[in-house]
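# Remarks on the overall topology
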Amino acid sequence: STLSPSSAASDVYKRQEVNNMAISKELMTTTLSIEVESGVDNKGNISYKKKNFSGIKGDATPEALATVADAIKLVLANQTRYTLVNEISMLEDNA
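Thresholds applied
- Residues numbered from 1 in each chain as written.
- Predicted model: local features only at pLDDT ≥ 70, side-chain atom pairs only at ≥ 80, totals over all residues.
- Heavy atoms only, no water.
- Core = buried A, V, L, I, M, F, W, Y, C linked by side-chain atoms within 4.5 Å.
- Buried < 20%, exposed > 50% of the residue type's maximum accessible area, 1.4 Å probe, protein only.
- Helix = DSSP H or I, 4+ residues; strand = E, 2+ residues; numbered from the N terminus.
- Contact = heavy atoms within 4.5 Å.
- Phe/Tyr/Trp six-rings, centres within 6.5 Å; stacked < 30°, edge-to-face > 60°.
- Lys NZ or Arg CZ within 6 Å of the ring centre and 35° of its normal.
- Pairing = 2+ DSSP bridges.
- Axes fitted to C-alpha atoms, helices over the stretch in contact; angles between N-to-C directions.
- pLDDT = per-residue confidence, 0-100.
- Salt bridge = Lys/Arg side-chain N within 4 Å of Asp/Glu carboxyl O.

Let us now look at the nonpolar core. Grouped together as the largest cluster of nonpolar side chains are six residues: L32, I34, V36, L65, A69 and I72. Contributing elements (two or more residues each) for this core: β1 (23–40) and α2 (62–75). Those residues in contact with L65 that sit more than four places away from it in its chain are L32, I56, A60 and V85.

A few words now on the packing of aromatic side chains. As enumerated under the stated definition, the model contains zero aromatic pairs in all. The aromatic ring of Y48 is capped on one face by R81, whose charged end is 3.9 Å from the ring centroid.

Judged by pairing direction, the sheet is antiparallel, and its three strands sit side by side in the order β2-β1-β3 without closing on themselves. On the outer flanks of this sheet lie β2 (46–53) and β3 (80–93), each paired with one strand and no other. Taken over all neighbouring pairs, the strand axes of this sheet differ in orientation by 30 degrees on average, direction set aside. Note: β1 against β2, eight bridges, orientation antiparallel.

Moving on to the pairing of β1. In this sheet, β3 lies alongside β1 in antiparallel orientation, the contact comprising 12 bridges. By the bridge assignment, L32 is partnered in β3 with V85. Hairpin connection, β1 to β2: the antiparallel pair is bridged by five residues, and G44 has positive phi, about 90 degrees.

Our next topic: the confidence of the model for the protein chain. Per-residue confidence for the protein chain gives a mean pLDDT of 87, with 78% of residues at or over 70. For the protein chain, helix α1 (residues 5–19) is the element with the lowest average pLDDT, namely 59, and β2 is the one with the highest, namely 98.

So, on to the pattern of salt bridges. By the definition in use, this model includes two salt bridges. E35 is the partner of K50 in a salt bridge, and the nearest nitrogen-oxygen pair spans 3.9 Å. Taken as a pair, K50 in strand β2 and E35 in strand β1 lie far apart in primary sequence, 15 residues in all. The partner of R81 in a salt bridge is E35, and the shortest N-O contact between them spans 2.7 Å. Placement of R81 in strand β3 and of E35 in strand β1 is noted, with a sequence separation of 46 residues between them. Among the residues examined, E35 registers a relative accessible area of 9% and is labelled buried. Beyond isolated ion pairs, a larger network of salt bridges with shared partners links E35, K50 and R81.

Next comes the structure, spelled out in structure tokens:
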């Protein structure tokens, strides 16, 4: 039988509990993205592209990120939609 992804993940989690594995998560990179209008699709809906800003401090607060994003939006020619924060972390086995 084939396990569903959630069932398989649950089984892995249970095995980790039994083995008392110590897993940590280390933030590697943070990127700020702003969705900017890029045109209209074939159905007449507004389309967006992400403008990405890398080199963001890992300890930057949500308030600081919003302040920076709002300042950037002021100088962009096109309208914007969402502001996104993308974080990439590495899982490490500390056993």
